[in-house]
Amino acid sequence: MITEEHIKSKIKGTTYIVMPDGRTTICQLSLANGFSIIGTSSCINANEFNLPIGREIAYKNAFQKVWELEGYLATNNLKPMIELPVIDAIKPAQPTSRWGLKADGTPRAKPGRKPRKARK
């Protein structure tokens, strides 16, 4: 089972950046395997910017992404990949006439005419 503690154990570093607009906070979570995840938060008005709240929201956003990836990884390890059938060859198209095919798959003759009899 994936728990909050499990996710926290995967995180090896946290970096925060406040963008020059003064409204946006970016949180980068560096994971143990070298991968990093980004979470963001932003407020409508730069005058209402609150650094601790921005960091908290950006962190939660990034943390949720790590949780999703860990869930995918755990599910992938539990279930083998679905094996799809391999198509060896493409079936050739059935011969058709302007008047379609009969139920047995042979071409229909022109309507109103009897098929020609084979000569002996």
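My aim in this report is to walk through the structure given alongside it, one point at a time. For clarity, every value in this text was computed on a predicted model and none was experimentally measured.

Attention now goes to the pairing of strand E1 (residues 11–18). Pairing geometry for E1 and strand E2 (residues 24–31), over seven bridges, is antiparallel. Along E2, the bridge assignment pairs valine 18 with threonine 25. If you look at the hairpin formed by E1 and E2, you'll find five residues sitting between the two strands, and glycine 22 has a positive phi there, around 75°.

On to the pairing of strand E3 (residues 36–42), then. Only one face of E3 is buried, namely the one carrying Ile37, Gly39 and Ser41, since none of Ser36, Ile38, Thr40 and Ser42 on the opposite face is buried. Between E2 and E3, which follow one another and run antiparallel, lie four residues, and glycine 34 among them has a positive phi close to 100°.

All right, on to the pattern of salt bridges then. One pass over the full model with this rule turns up three salt bridges. Lysine 8 serves as the salt-bridge partner of glutamate 4, at 3.4 Å between the closest nitrogen and oxygen. You can see glutamate 4 and its partner lysine 8 sitting in helix H1 (residues 4–10), four residues apart, about one turn around the helix. The class for glutamate 4 is partly exposed, based on a relative accessible area of 38%. Exposure remark for lysine 8: the relative accessible area of 45% places this residue in the partly exposed category. The salt bridge partner of arginine 23 is aspartate 21, with a shortest N-O separation of 3.9 Å.

Another aspect to go through is the packing of aromatic side chains. Scanning the entire structure with this criterion turns up two aromatic pairs. Chaining the aromatic ring pairs together yields one cluster made of Tyr59, Phe63 and Trp67.

What counts and how
Residues numbered from 1 in each chain as written. Predicted model: local features only at pLDDT ≥ 70, side-chain atom pairs only at ≥ 80, totals over all residues. Heavy atoms only, no water. Pairing = 2+ DSSP bridges. Helix = DSSP H or I, 4+ residues; strand = E, 2+ residues; numbered from the N terminus. Buried < 20%, exposed > 50% of the residue type's maximum accessible area, 1.4 Å probe, protein only. Salt bridge = Lys/Arg side-chain N within 4 Å of Asp/Glu carboxyl O. Phe/Tyr/Trp six-rings, centres within 6.5 Å; stacked < 30°, edge-to-face > 60°.

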